[in-house]
Structure formats: structure tokens, C-alpha cells
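Summary of the model geometry
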Protein chains: 2
Amino acid sequence: MPGLLERYRSYLPVTDRTPLLSLSEGSTPLIYAPHLSQQLGCELYLKYEGLNPTGSFKDRGMVMAVAKAMEDGADTVICASTGNTSAAAAAYATRAGLRCIVLIPDGNIALGKLAQAMAYGARIVAINGNFDVALNLVRDISASHPIALVNSVNPYRLQGQKTAAFEIVDELGSAPDILAIPVGNAGNISAYWMGFREYRSAGRMEALPRMYGFQAAGAAPLARGVDRVENPETLATAIRIGAPASAHLARAAVSESGGLFDMVTDDEIMEAQQLVAREGVFCEPASAAPVAGLLKRHAAGQLPAGQRIVAVLTGNGLKDPNSAMRHVATPVAVEAQMDRVLESIL
Amino acid sequence: MPGLLERYRSYLPVTDRTPLLSLSEGSTPLIYAPHLSQQLGCELYLKYEGLNPTGSFKDRGMVMAVAKAMEDGADTVICASTGNTSAAAAAYATRAGLRCIVLIPDGNIALGKLAQAMAYGARIVAINGNFDVALNLVRDISASHPIALVNSVNPYRLQGQKTAAFEIVDELGSAPDILAIPVGNAGNISAYWMGFREYRSAGRMEALPRMYGFQAAGAAPLARGVDRVENPETLATAIRIGAPASAHLARAAVSESGGLFDMVTDDEIMEAQQLVAREGVFCEPASAAPVAGLLKRHAAGQLPAGQRIVAVLTGNGLKDPNSAMRHVATPVAVEAQMDRVLESIL
């Protein structure tokens, strides 16, 4: 399958001068989940974005943003990030022959989260300040230097991300009844909604889905109906965001689609991560939030039966194996004799 | 794209009674590597098997082995493993509704390597004995109980793995001149060779490739022409094997194809891993061995120019991020002021 810029060229801001950059992103599997479907009384599919080249949905937006940076003659891209964004930025920058600079907030950053960006050869600068300070610095630097900013304020990011909605419709033949998705910075839910609307305008589908956005309870400004949560906290680090940059777009998506925001606890998220793994799919904690949310609403009698639902699993479980391991049984140790082993397994 | 059992059904031991088990394995990207191609004076493509559902090529063989276990009425599968095999076995077993038991040698096993198997719900038993002891135990158990053995002694594993050769030919329109691949237990090189020959018999291709198998210098019985290396050692843990189970098949593949075995040091492997990452592809250390081998041979004037080469990257870098991080530059720390940041990056 070609990369996204080629596959969906006519729906993207791709001009004759835009390089068709690709690491074979997109075209990720839509996996039917038999056990969860039965549990929910619905038809549930998992859009497994963890099989993108750097292991998360961020590749969809980054291939577009970096291709446009190339088109505009930039030789360097920059972002503030501690996680999936930096991996995607570094991978596409090196693929494009551009330099990549990643500013990380100083302090409690796990080096493991940056393993990919480091491997892809990004220049990583730790500053003594929080994420907002880092974001302001990269904004200032890109405003005054020929360095392209590829944080989510870059409008090409959502353009690339909307292609996931196209793929779902291309595969199912129509949009699902419900699109359930984790909400952190709120860009992805906005991108899907844009994608569904554009595909309908193009005559590729008819009925739009209802957009269900699920947040972690400790970082749930949209579900709580407030502008900002101070000191957001959740194990699902990819959605640990107190003031979503795309809040206005996400609210419009939910309101226009007849959808909803809801929130789930970290325990519900980790339980859902295990249930998703039992379908054979290993996702990172944030990705399990929409599944947790669907289960919660079903238990409360708030999920209509018989719906066709797609839950977006935004990232690969290998991004954060430690958090998964804290919640599963540890190995048992036995003597190396057949009867001892059999006792322990039968 | 359908799963492998459906896509290549007519080339596989799939009967009317074989369930078409799938986690959307296979159909992995073949990524052109511009910088390495220039360096080698060849046309190099990377077959990125790290984008299989559990992050390694093992999924190709495991989907076949577990589907046949289902067909045969097994309710449990078992394997001895410390790495990628256990992840694949656990994922397909849970998908199929079977129990999965993983025996791990006791001692210095990093729990991180088992995170996936644990998440997928496998029953993990640590025994006080080495890998050979564990393998003998699972052989004995499967011989005396209705439990299917899915280690590489299971012949269906190679049947599934040969599909990667089909995909390369389907994408390139012919086989490459050279297929370069890591060699540990030697099953994968044997499976590719089987795949190329079958595709030629079926009239899907003409010229066969030369098979280049690369081992780590500390675990290189085939490259050294010996039957066994005692105490194999290499950072590339996925190919740290002293007595390859499929040695005879691998020797036949190399001999029949006019290929070769060669070996590379751990330093050469880690250097190659970085060069592959600079193409935008993050692979685990073992996967970098064939690239390291091609670079070594080119430097020695032992690689013909202008060849079309496919290097098989067997696993995702996220499987082993720590080893990659030990070999790249660590972040620099600076004050959160624009001029300080600029000094450090420009």
C-alpha cells in the first residue's frame, strides 16, 4: 500500500511541489474484537494505530507536516515533546534529510520515552522548565528562524491525521455508528471529524458517526466542562493534558455529531488494556480509554445495543511496557521437572 | 489487506477445516533506503517485519501454527522462549481462544522481554534450568498431553514464514539479486528460500536470489563452519543461539543459491542499527546484522555493485529500546532561554 500522501493525495494539501515523503504510514488494521463485541452487545472494531512506522497515530500528521516543511525549504524542524510526537518528528525528519530538534521539559522525564527520537538522530535539548515553557521556546525559535514548528499547532498535522477516518470508511463501506477515541490535546478527535465530513462531501459516505471522546478522570477538562485542569494526572501519559489545544474543535465535533465526552479512571483504563490484549492487540494505556469508556457506559445502560463502533487505539503497547506489566500476573517459578510444571499449569 | 492465511491460502497448508485466524499479520512495508543504497553502490530495500502485530516476523509462522492447533482440536499451546516467540504465541493463542503456556529459563531473564506475553494473558512458568532444559520439557509435555508445541520444531512455523518471500516478489515484480537476513536458529533463512523456490515453481518469478545469512560473531556456528558454539554471546539477543535447529536447511539454502554466511561484531551491528534508524526505520539489534554484513563486505570489496538487495529487519526497535539508547548521544541540558537553546542547536 502506498504512503498516505500518495493514497489520499486528492484530499490533502499536496501540490506538485510537495515531496511524496513516506515511511509506509497509515493503512493500519481494523481488527474485529469478538469478545468485547459480545460484552458490549455491539459490533466493535479496533483501529490499531500502533502499527504505524513509529508506533503511533502521530505518523499520519507528521508525514504531512514534514513534507510541507520540505516544500517550504526548511532544513530543520523543531518540537516540544516528551513522547510520541518526538518519535514521529525525528523519524520523518531524518527520512527527509532534515535536522530535528526536540525540546524536552527538564525533570521527571523517563529516558525510555525518548529512545526512538534519539535513535532517529534528533538533537535533544533538555530545558529547566515545564512543557508550556518548552512550547513557548520552540514557537519563538520557529518565528525568528528558518526552522519549521511541527507541534500540533502546525495545521498540517490534523490534515494528515484525518486520513484515518478515510481508511475506516474505505474498509467498512460506511462510517461506523460511533467513533470512540481517547482525548488528550483533542487534535485527533477533531481530525477524524474533519475527515468524516470531507468524505461525506466527496460522496464517499452518507451518515456521519457520533463522536465519543474519552478522557482520563485526572485530566478531563472536556468531560468536566471546564477550560483547564491544573496538574493533570493519569497513568495514561499520552493524554495527560490539562488544557487541550484543540478544545474548541473537539467540542464542535461532539456537538455537531450528537456525540459526548466522558471520562474513565486509571483502574478502568488498565482493566480495558488487558481486555484489549486478550483480543490479541497490545496498546498503550491511553489507547484503552475509549474501550474503558464504552464498557462503563454499557454497564450504566447508556450504550445503545447493536451499534457498529470503531475504537481508535492510538499507540503501541511496546511504547510503555512497564505500565502494562504492573497490572498483570508475574511468572511462577517451579522445579525443572515435568510433574512440577504440569501441576503449575493444569 | 487480509491476513496471511487468506492472502496466500493456496500456498499454505490451509484446508477447509483450518480457521482463517488473523491479527492482520504480514503485508509489511518494503522501504527503499536511499542513504544506505548510495553507500553500498546498490539498490537496498528494508523489509520491515517490526510492523507485524506483535512487532516481529514470528507472527507469520505463529498464525499458521496456532490455526493448525485449532484445527487439530488443541485447547492449549506451549513454547519455551524468552523473547519474540512467546509474544507471538500468546497473542495468537488468546485470539484463537486457546490457553498459552510459556516456559522460561530461570536466571537472568529481563522481565521486559516478557511484557507482551504477560499482557496477552499467557501463563508464564520460570524453571530452574537453561533454554535446552525448557525446550525438552515442553517437548515432553506436548508429547504426552493434548497441548500443541509451537516452538520452531513445529513445521507449520516455516510454512507461515515463507510468505515474506512471496510479498517481496509481489511488490518488486521479481526476486531481488540478494536476500540478506539475520541468522540465529536458522529457520527464517530456510523459510525464505522455500518461499522463493515455491513461487518460482508456481510461475510467479524466474531468477532465484542469492541468500546471504549474517550471524553475530559471538554466535556464528554457520559462518564459522562448525556445528555448535558453546556459550554464545551477543548484544543481538534474538540471534544469540549456539546450535541452530535449522542449520541443515540454512546450509542448503546458501549452497543452492550461491550465497554465503558471514558474521559481524556487536559494534558493527550497533553502528548499522543507527544507520538504519537514519533512514527512518527503528529495528532491534539482530535486525541490523544483515545491513552490517553488507557494509562489511562492501568495505572489503566483496559486494558486487548495482545489485538489488532486500535486507530483512526481523523485529521492531521498541522490543529492546535500552540497547539502542546505550549507543546514541544523550540529551544536553540548557537554561530555558532562547539564546541558550539556540547556542546548543545551531
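The residue numbers shown here count from 1 along each chain, following its written sequence. To label them, take the chains in the order written and letter them from A, then take the ligands in the order written and number them from 1. Only residues with pLDDT of at least 70 are given local features in this predicted model, and only at 80 or more are side-chain atom pairs given and counted; all residues enter the totals for whole chains, interfaces and linings. Note that water and hydrogens are dropped before the side-chain values are worked out from all heavy atoms of the structure.

**A few points about the overall build of chain A**
The helix and strand labels rest on DSSP assignments: H or I over at least four residues marks a helix, E over at least two residues marks a strand, and numbering proceeds from the N terminus. Scanning chain A from N- to C-terminus turns up 15 helices and 11 strands. Both definitions apply: the radius of gyration is a C-alpha atom measure, and the globule rule equals 2.2 Å times residues to the power 0.38. Whereas a compact globule of 346 residues would reach a radius of gyration of roughly 20 Å, chain A reaches 20 Å, a difference of no more than 12%. If one aligns the C-alpha atoms of chain A with their principal axes, the spans along those axes are about 65 × 50 × 40 Å. Any residue under 20% of the maximum accessible area for its type is buried, any over 50% is exposed, and the rest in between are partly exposed; the area is computed with a 1.4 Å probe on protein chains only. Within chain A, the proportion of its 346 residues that are buried is 61%. What makes two residues a contact is simply this: any of their non-hydrogen atoms within 4.5 Å. In chain A, the share of contacts with a sequence separation of at least 24, taken over all contacts with a separation of at least 6, comes to 70%. Areas reported here follow the Shrake-Rupley algorithm with a probe of radius 1.4 Å; residue values treat only the protein chains shown as occluding. For chain A, the computed accessible surface area is about 12300 Å², with 46% contributed by carbon and sulfur atoms. Only four residue types enter the charge count, namely Lys and Arg as positive and Asp and Glu as negative; His and the chain termini do not. We put the charge of a Lys on NZ, of an Arg on CZ, of an Asp on CG and of a Glu on CD. Placing the 29 positive and 33 negative side-chain charges of chain A at their respective mean positions leaves the two points 4 Å apart.

**As for the UniProt feature "modified residue: N6-(pyridoxal phosphate)lysine" (unreviewed entry) in chain A**
UniProt positions are given in the numbering used here, feature names are shortened, and annotations may be inferred rather than shown by experiment. UniProt annotation of "modified residue: N6-(pyridoxal phosphate)lysine" (unreviewed entry) refers to A:K58 when read in the numbering used here. Residue contacts for A:K58: discarding those within four places in its chain leaves A:N84, A:T85, A:A88 and A:R157.

**Let's talk about the sheet that holds strand β7 (residues 178–182) of chain A**
Residue and element names in this part refer to chain A. Ordered in space as β1-β2-β10-β7-β8-β9, the six strands form an open sheet in which the pairing is mixed. The open sheet has two free edges, formed respectively by β1 (30–32) and β9 (260–264), since each of these has just one partner strand. Taken pair by pair, the neighbouring strands of this sheet meet at an average axis angle of 25 degrees, ignoring direction. In terms of strand pairing, β7 meets strand β10 (residues 308–313) through three bridges, oriented parallel. Its bridge partner being in β10, A180 is matched across the sheet by A311. What counts as an axis is a line fitted to C-alpha atoms, over the stretch in contact for a helix, and the angles between N-to-C directions run from 0 to 180 degrees. Sitting on the sheet, helix α8 (residues 163–172) touches β1, β2 (43–48), β7 and β10, and the angle it makes with β2 is about 135 degrees. Strands were regarded as paired on the criterion that DSSP finds at least two bridges between them.

**Digging into the interface of chain B and chain A**
The interface is formed by 67 residues belonging to chain B together with 67 residues belonging to chain A. Here, a salt bridge means any Lys or Arg side-chain nitrogen found within 4 Å of an Asp or Glu carboxyl oxygen. Seen at the junction of chain B and chain A, the total is zero salt bridges. Here a polar contact is recorded for every N or O atom pair within 3.5 Å, except that within protein the pair must consist of a potential hydrogen donor and a potential acceptor, and residues adjacent in sequence are included only if both atoms are side-chain atoms. For the pair chain B and chain A, the number of links is 21 residue pairs in polar contact (both at pLDDT 80 or more). Among the residues making up the side of chain B that touches chain A, the classes are represented as 44 nonpolar, 15 polar and eight charged. Across three bridges, the pairing between strand β5 (residues 123–127) of chain A and strand β11 (residues 332–334) of chain B is parallel. Opposite A:I127, over in β11(B), you have B:V334 as the bridge partner. Throughout, the ten residues Ala, Val, Leu, Ile, Met, Phe, Trp, Tyr, Cys and Pro are labelled nonpolar, Asp, Glu, Lys and Arg are labelled charged, and all others, Gly among them, are labelled polar.

**Observations regarding the pairing of strand β9 (residues 260–264) of chain B**
All names here are of chain B. Burial analysis of β9 places four of its five residues in the buried class, the great majority of the element. In this structure, strand β8 (residues 210–216) lies alongside β9, joined through five bridges in parallel fashion. Bridge assignment links A216 to a residue of β9, and that residue is V264.

**A closer look at empty space enclosed by the protein**
For each structure, a 1 Å grid was placed over the protein atoms alone; sets of points admitting a 1.4 Å probe that cannot get out are labelled cavities, open sets with protein on both sides within 12 Å along at least five of seven lines are labelled pockets, and lining residues have an atom within 4 Å of a point. Grid points are joined across faces, edges and corners, and a volume is the space filled by probe spheres set on the points. If you walk through the whole model with that rule in mind, you get two cavities of 30 Å³ or more. Roughly 40 Å³ of volume is contained in the largest cavity. Lining the largest cavity, in full, are A:M270, A:Q273, A:Q274, A:A277, A:F282, A:A324, A:H327, A:V328 and B:A119. Residue contributions to the lining of the largest cavity peak at four residues, all from helix α12 (residues 266–277) of chain A. Looking at the lining of the largest cavity residue by residue, the classes come out as six nonpolar, three polar and no charged. Along the walls of the second largest cavity sit A:A119, B:Q273, B:Q274, B:A277, B:F282, B:A324 and B:V328, which together make up its complete lining.

**Some points on the layout of surface pockets**
If you add up the space inside the second largest pocket, you get close to 1100 Å³. Together, 47 residues line the second largest pocket, and A:M1, A:G26, A:S27, B:M1 and B:S27 are the ones closest to its centre. Listing elements by their share of the lining of the second largest pocket, those giving two or more residues are α1 (4–7), β1, β2 and α8 of chain A together with β1 (30–32) and α8 (163–172) of chain B. Among the elements that take part in the lining of the second largest pocket, α8(A) stands out by supplying four residues, more than any other. Counted by class, the lining of the second largest pocket contains 20 nonpolar, 12 polar and 15 charged residues.

**A closer look at the packing of α12(A) against helix α13 (residues 289–299) of chain A**
All names here are of chain A. One can describe the packing of α12 onto α13 by two numbers: an axis separation of 8 Å at closest approach and a directional angle of 100 degrees. Comparing the axis directions of α12 and α13 gives the class roughly perpendicular. Where α12 approaches α13, its residues E268, I269, A272, L275 and V276 are matched on the opposing element by A289, V291, A292, L295 and K296. Partitioning the contact of α12 with α13 into residue classes produces eight nonpolar, no polar and two charged. Should an angle fall under 35 degrees it is taken as roughly parallel, and over 145 as roughly antiparallel, whereas 65 to 115 is taken as roughly perpendicular and any remaining angle as oblique.

**A closer look at the environment of B:V264**
All names here are of chain B. With respect to the helices, strands and loops of the structure, V264 is situated in strand β9. C-alpha separation for the pair V264 and P285, spaced 21 residues apart in sequence, amounts to 12 Å. V264 has contacts with Q215, A216, A217, I269, A289, A292, G293 and K296, leaving out every residue within four places of it along the chain.

**Observations concerning the sheet that holds strand β7 (residues 178–182) of chain B**
All names here are of chain B. Taken in spatial order, the six strands make up an open sheet running β1-β2-β10-β7-β8-β9, and their pairing is mixed. Only two strands of the sheet have a single partner each, and these edge strands are β1 and β9. Direction aside, the axes of adjacent strands within the sheet are offset by 25 degrees on average.

**Brief notes about helix α12 (residues 266–277) of chain B**
Residue and element names in this part refer to chain B. Multiplying 1.5 Å by the residue count of a helix minus one yields the expected span of that helix. Taking 1.5 Å of rise per residue, the 12 residues of α12 would be expected to cover 16 Å, and the 16 Å separating its terminal C-alpha atoms lies within 8% of that figure. Buried within α12 we find I269, M270, A272, Q273, V276 and A277. One face of α12 carries all of its buried residues, which in axial projection span an arc of 160 degrees. In this description, one arc is meant: the one made by directions from the helix axis to the C-beta atoms.

**Regarding the domain arrangement of chain A**
All names here are of chain A. Each assigned domain of chain A is listed with its residue range as follows: domain 1 (4–55 + 155–325) and domain 2 (57–149). For the purposes of this description, domain bounds are those given by an automatic or database domain assignment. Averaged C-alpha coordinates put domain 1 and domain 2 at centres separated by 23 Å. At the junction of the two partners, domain 1 supplies 36 residues and domain 2 supplies 25 residues. Here domain 1 packs against domain 2, burying approximately 2600 Å² in sum over the two surfaces, 59% of which is carbon and sulfur. Computed with a 1.4 Å rolling probe, the buried area is the accessible surface lost when two parts are put together, summed over both parts. When the area that domain 1 buries against domain 2 is broken down by residue, the three leading residues are L21, T54 and R157, summing to 27%. The interface formed by domain 1 and domain 2 includes three salt bridges. Where R60 meets E167, a salt bridge forms, and the shortest distance between an N and an O atom there is 3.0 Å. The tally of links between domain 1 and domain 2 comes to 14 residue pairs in polar contact (both at pLDDT 80 or more). Secondary structure elements with two or more residues in the side of domain 1 that touches domain 2: α1, α7 (155–161) and α8.

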